[in-house]
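Chain by chain, the residues run as shown.
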Amino acid sequence: MRRGRAVRGKPFLHASTAPGSSSNAHFSAGIRLRAAAVGNLILVRRVILSTLRGLSVLAAAVLLVAACGGGDPPAGAPAERTIVFKHSKLFGDPTAFAALIREFEAQHPGVRVRAETLPSASDEQHQFYVINLRGGSADFDVLALDVIWVAEFARAGWIADVGDLLAAEEHGEYFDASLESATWEGRTYAVPWFVDAGLLYYRKDLLARYGFEPPRTWEELERAALAIREHEPALHGFVFQGKQYEGLVCNALEYMWSAGGDVLRDGDVVLDSAANRRALEFLGSLVPRGISPELVTTATEEPSRYIFGSGRAVFMRNWPYAWTLFEQADSPVRGKVGVAPLPHFAGHDSAATLGGWNLGLNRRSRYPDEAAAFIRFMTSPEAQRALAREYGLNPARRRLYADPGLLAAQPHLEELRAVLDAARPRPVTPRYAQLSQVLQSEFSAVLTGLDEPAEALAEAQRETERILARP
Amino acid sequence: MRRAGTYLGVLLVAAYCLAPLAWQLVTSLRPPAELTTLPPLLPTQLTFEHYAAVFAGHPFGRMLLNSFIVAGGATLIALAFGSAAAFALTKMRARGFGLILAIVLATSMFPPIATVSPLYLLINGLGLRDTLAALILTYASFALPLAVWVLTNFLRQLPDELYAAARVDGCTPRQALVRVILPLAGPGLAATGLLVFIVAWNEFLYALTFTATERSRTVPVGIALFPGLHEVPWGEIAAASLIVTLPVFVLVLLFQRRIVEGLTAGAVKG
Amino acid sequence: MSGALRRIGERPAAFLAPAALVLGVVTLFPIVYVLWLSVQHYSLIGDAPAFAGVGNFARLFADARFWNALGNTVYFTLVSVALEVVIGLAFALLLARPFVGRAPMRAVVLLPWAIPTVVAARMWEWMYNGDFGVINYLAGADTNWLGNPYWAIHAAIAMDVWKATPFVALLLLAGRLSIPAELYQAARLDGAGAWRLFRHITWPLLRPLLLIVLIFRTIDAFRVFDAIYVLTGGGPANTTETLSIYAYKVLFQTLEFGYGSALAVAVFVCIAAITAAYVWLLRGSAR
């Protein structure tokens, strides 16, 4: 039933007169008919024959690619040592970054630096590092590490102790939370590169129009958001990052900390506490009471930034990167945005989750000294100033926040320094990723109304204790 | 009446398949300021800046070339090895036919995420890390079960007398395969080839893990490199997604008749 | 290479060898490795690896998150495969009719399937956006599709159906076209209507093919990863976390290679069981 319909009238004769078809001549009549039914013989045969010939060429090509693509230049050239720096893409004109690298190369004759970008999604970077480092890769020497990975990578034995690069007298240069994130079991495994912390963005013009001050407590934020929405129902009140992902943990911890709660205290799990319940009850009430739109339950940084940036929200929690974008020439909210530390619950202090990236040194690096020198260079005040100016990366060094040149270009840095001084790292443990998965799910359940805060916290407490008890 | 119904139905099907792509097209032509505002449904002015940015800001041409080499190489290998295997299974009465097919199928039941890490060890051991060869080899192996399956079914419906006659005529088995069987298997090869090509063209997880630099990066991984730490250039991503779809569309258009024929024979026999 | 082959007589092993070699090295080695890992207590950030026996599988049975993921996976697979087959069959029957523009239409139908999954998922995420997504705008709705515990999995299903239906439609179209037209003509002469033609000719002849399509689609849907991972990351509150997503998070985020491999083996066992059931059904219908 399949053969019948394939006849398209290409006579079989063509095939038997084609060169190289001698074997076809012996077909019986019946077979001829069947064979003729398949059609377009000559063309197909030519394609296939040439394909098969092409295959041997391909095989050779594959071997060639494999041979020259095998990785690194031969070891016989000691004069030039290449170190590889893995990092995520810096958004903006790449020339400034390239200039920094050239400067390092000029200062260190015989050392070349190859900067290789990773996909920006932090999960993808983590996956890349894990598989490569587990496989004992020495293909990269310096790694940009999310602050939450340092303890994990150190425990796995993948990154070297870089305590030498951070002299004790230099510690005061860096933010406390940043140093804490780079330290595990008393040793330093990374050098802070740039930092992030949660900030409150608000619309100066709207607050002024309706007679509100920038809110200092969550209750004030709630009152202002609801009151302004009375007048401007098309506006959203407060947008933040509520999708089930790492960003939700960053957001939720800020409520918990600013209510006096925490995740771990002296190694004990303290999730199931009155302070945390108060914090999560507030978080869970944001959407039902109309302070936040339902869309926050899938929002990551960019969707919330777009909404606030097109003038459709009164308040937003986000990282500092958004500020520069709001002040661009074509921004609808240019000049109307203020930043402040995140609100807190009455009687407690404001808290911001520390984000950002540290530089680590691959323990299998073939050129540890050169790699260390590169880390020192990249975390130097000069490099950090350049990265801050060109890419809006917030320096990990505190004194740059008083740098007149930088402040002129980015006045919000002044506000940011106080926030970063009070920022807190997420729990520093090699098992943070496991903790985070539990917290993400429970926080998401509270935010979407699937679970009561008390139950979610009790469950999170149980799960977290179980995780930390594993060998 | 029936004809009108047919055309109405065809229009609906086309709309169903094309609507998300059409929206992607609209997105890719929007000025940045209009990206996240609705209305207007259609952009007030068209811009090609996202397309320009795709090629100016990234080695996108190189990535396209890499994708072509990888998908093409995997397709050729899967076709060559797959047709040889299918030939042995159908015309040479290889023993353990059912068992071999079952094993072949079973290998495709494992979740790919679990085999990334061991496969990395293998690729690294072979010295193929960050090469196109690594991806060609990987994708060819993933596509082989499907290739063997479709081609086995296709070859099975070619009469055994063809092979017998060729042998009587003095052909070696290889000549019989290359000169007699394969020329008749064109539609089967075209269908299989397209299936393999698309699988290889689209793969992301392994490409992400095995590639490190632009010399081996394919388009899906390349697009994942577009965003910065926080910023996501939606317009560029939309433009790139359309560009990457185009080559496959052309291939399907060129080969669509053979694909349907090849699958017709391959599929129904089971 | 050709010289070596010419000397070989009737030895099928030589023809099977290249495929077997590639599959054996590139596919079987990792699978055996994963099987081995699944019986180890092995975490990259824990103590040294130790033999676990069935320890990881015992943990799996007691793991509520595993059962949740299994439930999500089964639901996702059932609904999306059922929809894909129904819609795909409708498409196939429609496209089998004569109309002008069949060639470009076949290419158009394949387009969704030809787009890289990660790219397609980003497109849909963009359209689903609760604030500026085109779906809400056109429907006049105000739903946050991916953030709503009820809608999220269905939104993922809708995307998967869109993407995979072409594959089903293409295979079924091929099958439909292979049914001889004379069968239909004869039946029409006997006065059969459209429904009876479908019921007594199309359906019984397509059934074996349908089962094969079911196997392919089920294997794929049961292993679904990147589509959902891009859309929701498993949220909200793990309501869209499938087994593959769970396994991914355990392997690459928490670095528990032993337990993550056990999860992967569980996926494999489920798919093997479903396929065996299908094959059994296929035998039944073929005879």
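Source: prediction; values computed, not measured. (Residues numbered from 1 in each chain as written. Chains lettered and ligands numbered in written order. Predicted model: local features only at pLDDT ≥ 70, side-chain atom pairs only at ≥ 80, totals over all residues.)

Peer 1: I'd like a rundown of the overall build of chain A, residues and numbers included.
Peer 2: Counting its secondary structure elements, chain A contains 19 helices and 15 strands. The buried share of chain A, taken over its 471 residues, is 50%. Contacts in chain A between residues at least 24 apart in sequence constitute 74% of all its contacts with a sequence separation of at least 6. (Helix = DSSP H or I, 4+ residues; strand = E, 2+ residues; numbered from the N terminus. Buried ≥ 20, exposed ≤ 12 C-beta atoms within 10 Å, placed from the backbone. Contact = placed C-beta atoms within 7 Å.)

Peer 1: Hey, could you go over the overall build of chain C for me, with residue numbers and the actual values?
Peer 2: Helix and strand counts for chain C stand at 13 helices and two strands. The C-alpha extent of chain C, read off along each of the three principal axes, is 75 × 70 × 40 Å. Every one of the 287 residues in chain C was classed for burial, and the buried ones make up 52%. Considering only contacts within chain C whose residues lie at least 6 apart along the sequence, 70% involve residues at least 24 apart.

Peer 1: Can you break down the sheet that holds strand 11 (residues 313-318) of chain A residue by residue, with the values?
Peer 2: All names here are of chain A. Spatially, four strands are ordered 8-11-7-12 in an open sheet, and the strand pairing comes out mixed. Where the open sheet ends on each side, the last strands, each with one partner, are strand 8 (236-239) and strand 12 (337-340). Across this sheet, the average inter-strand angle for adjacent strands is 15°, counted without regard to direction. For strand 7 (residues 199-203) and strand 11, the ladder comprises four bridges, and the chain directions are antiparallel. In the sheet register, Tyr 202 faces strand 11, and the bridge partner there is Phe 315. Sitting on the sheet, helix 12 (residues 301-309) is in contact with strand 7, strand 8 and strand 11, with an inclination near 150° to strand 11. (Pairing = 2+ DSSP bridges. Axes fitted to C-alpha atoms, helices over the stretch in contact; angles between N-to-C directions.)

Peer 1: Before we move on, can you summarise the pairing of strand 2 (residues 111-118) of chain A with the specific residues and values?
Peer 2: In this sheet, strand 2 of chain A lies alongside strand 1 (residues 81-88) of chain A in parallel orientation, the contact comprising eight bridges. Along strand 2 of chain A, the bridge assignment pairs A:Ser88 with A:Leu118.

Peer 1: Which residues make up the packing of helix 4 (residues 64-95) of chain C against helix 10 (residues 194-222) of chain C, and what values go with them?
Peer 2: All names here are of chain C. Where helix 4 contacts helix 10, the axes come no closer than 9 Å and their chain directions differ by 140°. Note that helix 4 runs across helix 10; the crossing there is right-handed. On helix 10, the residues that touch Thr 73, Phe 76, Thr 77, Ser 80, Val 81, Glu 84 and Val 85 of helix 4 are Leu 210, Val 213, Leu 214, Arg 217, Thr 218, Ala 221 and Phe 222. The class makeup of the residues in the contact of helix 4 with helix 10 is eight nonpolar, four polar and two charged. (Left-handed = near helix turned anticlockwise from the far one by under 90°. Nonpolar A, V, L, I, M, F, W, Y, C, P; charged D, E, K, R; others polar.)

Peer 1: Help me get a handle on the interface of chain C and chain B, residues and values and all.
Peer 2: On the side of chain B, 69 residues touch chain C, which itself brings 77 residues to the contact. Here the side of chain C that touches chain B takes 15 residues from helix 2 (residues 12-38) of chain C, the largest share from any one element. Each residue belonging to the side of chain C that touches chain B can be placed in one class, and the counts come to 63 nonpolar, seven polar and seven charged.

Peer 1: Run through the pairing of strand 12 of chain A, naming residues and quoting values.
Peer 2: Residue and element names in this part refer to chain A. Only one face of strand 12 is buried, namely the one carrying Val 337 and Val 339, since none of Gly 338 and Ala 340 on the opposite face is buried. Where strand 7 and strand 12 come together, four bridges link them in antiparallel fashion. Residue pairing in the sheet places Tyr 202 in a bridge with Gly 338 of strand 12.

Peer 1: So what about helix 9 (residues 218-231) of chain A? Which residues, and what values?
Peer 2: All names here are of chain A. Given a rise of 1.5 Å per residue, 14 residues ought to cover 20 Å, and the 20 Å separating the end C-alpha atoms of helix 9 matches this to within 8%. Residues Trp 218, Leu 221, Glu 222, Ala 224, Ala 225 and Ile 228 constitute the buried set of helix 9. In this fold, the buried residues of helix 9 make contact with helix 8 (204-209), strand 8, helix 11 (274-285) and strand 11. (Expected span 1.5 Å × (residues − 1).)

Peer 1: Account for the confidence of the model for chain C, with residues named and values stated.
Peer 2: Residue and element names in this part refer to chain C. In the predicted model, chain C carries a mean pLDDT of 87, and 94% of its residues have values of at least 70. Of all helices and strands in chain C, the one with the weakest mean pLDDT is helix 1 (residues 2-6) (36), whereas helix 4 scores best (95). Considering only residues more than four positions removed or in separate chains, one finds that residues 1-8, a stretch of pLDDT under 50, has seven contacts. Both scores are available for the predicted complex, with the pTM at 0.87 and the ipTM at 0.86. (pLDDT = per-residue confidence, 0-100.)

Peer 1: Give me unusual backbone geometry: which residues, what numbers.
Peer 2: Peptide bonds are, in most cases, trans, and in most cases residues other than glycine have a negative phi. Note that the residue after C:Gly235, namely C:Pro236, is joined by a cis bond; omega there is -10°. Relative to the assigned elements, C:Pro236 resides in the loop between helix 11 (226-231) and helix 12 (243-253). Here the phi dihedral of A:Asp266 falls at roughly 50°; this positive angle occurs in a residue that is not glycine. Relative to the helices and strands, A:Asp266 is located in the loop between strand 9 (264-265) and strand 10 (268-269). The phi torsion at C:Leu255 lies on the positive side, around 65°, for a residue other than glycine. Mapped onto the elements of the fold, C:Leu255 is located in the loop between helix 12 and helix 13 (257-286).

Peer 1: Just give me the short version of the environment of C:Ala92, but keep the residues and values in it.
Peer 2: By secondary structure assignment, the location of C:Ala92 is in helix 4. Residues within four places of C:Ala92 in sequence aside, it is in contact with C:Ala169, C:Leu172, C:Leu173 and C:Arg176.

Peer 1: Just give me the short version of the nonpolar core, but keep the residues and values in it.
Peer 2: If you look at the biggest cluster of nonpolar residues, it comprises 321 residues, and the most contacted ones within it are A:Val150, B:Ala74, B:Ile181 and C:Ala247. Mapping this core onto the domain boundaries places at least three of its residues in each of domain 2 (81-197 + 357-422) and domain 3 (199-354 + 426-469) of chain A. Once residues lying within four places of it in the same chain are set aside, the contact partners of B:Ile181 are B:Phe87, B:Lys91, B:Leu155, B:Leu158, B:Leu162, B:Tyr163 and B:Ala176. (Core = buried A, V, L, I, M, F, W, Y, C linked by C-beta atoms within 7 Å. Domains from an automatic or database assignment.)

Peer 1: Which residues make up the environment of B:Arg258, and what are the values?
Peer 2: The residue B:Arg258 is located in helix 12 (residues 234-269) in this model. Placed 69 residues apart in sequence, B:Arg258 and B:Leu189 show a C-alpha to C-alpha distance of 8.7 Å.

Peer 1: Can you explain the environment of B:Leu225? Please cite residues and give values.
Peer 2: Within the secondary structure layout, B:Leu225 lies in the loop between helix 11 (219-224) and helix 12. Taking C-alpha positions, B:Leu225 is 9.0 Å from B:His58, a pair spaced 167 residues apart along the chain. Beyond its immediate chain neighbours, meaning those up to four positions away, B:Leu225 contacts A:Lys89, A:Thr117, A:Pro119 and A:Ser120.

Peer 1: Just give me the short version of the confidence of the model for chain A, but keep the residues and values in it.
Peer 2: Residues and elements named next belong to chain A. The share of residues in chain A with pLDDT of 70 or more is 83%, and the mean pLDDT across the chain is 85. Residue range residues 1-52 is modelled with pLDDT below 50. Its contacts to residues more than four positions away, or to other chains, number 69 contacts. Low pLDDT, under 50, characterises residues 59-77; the stretch is placed with 18 contacts to residues that sit more than four places away or in other chains.

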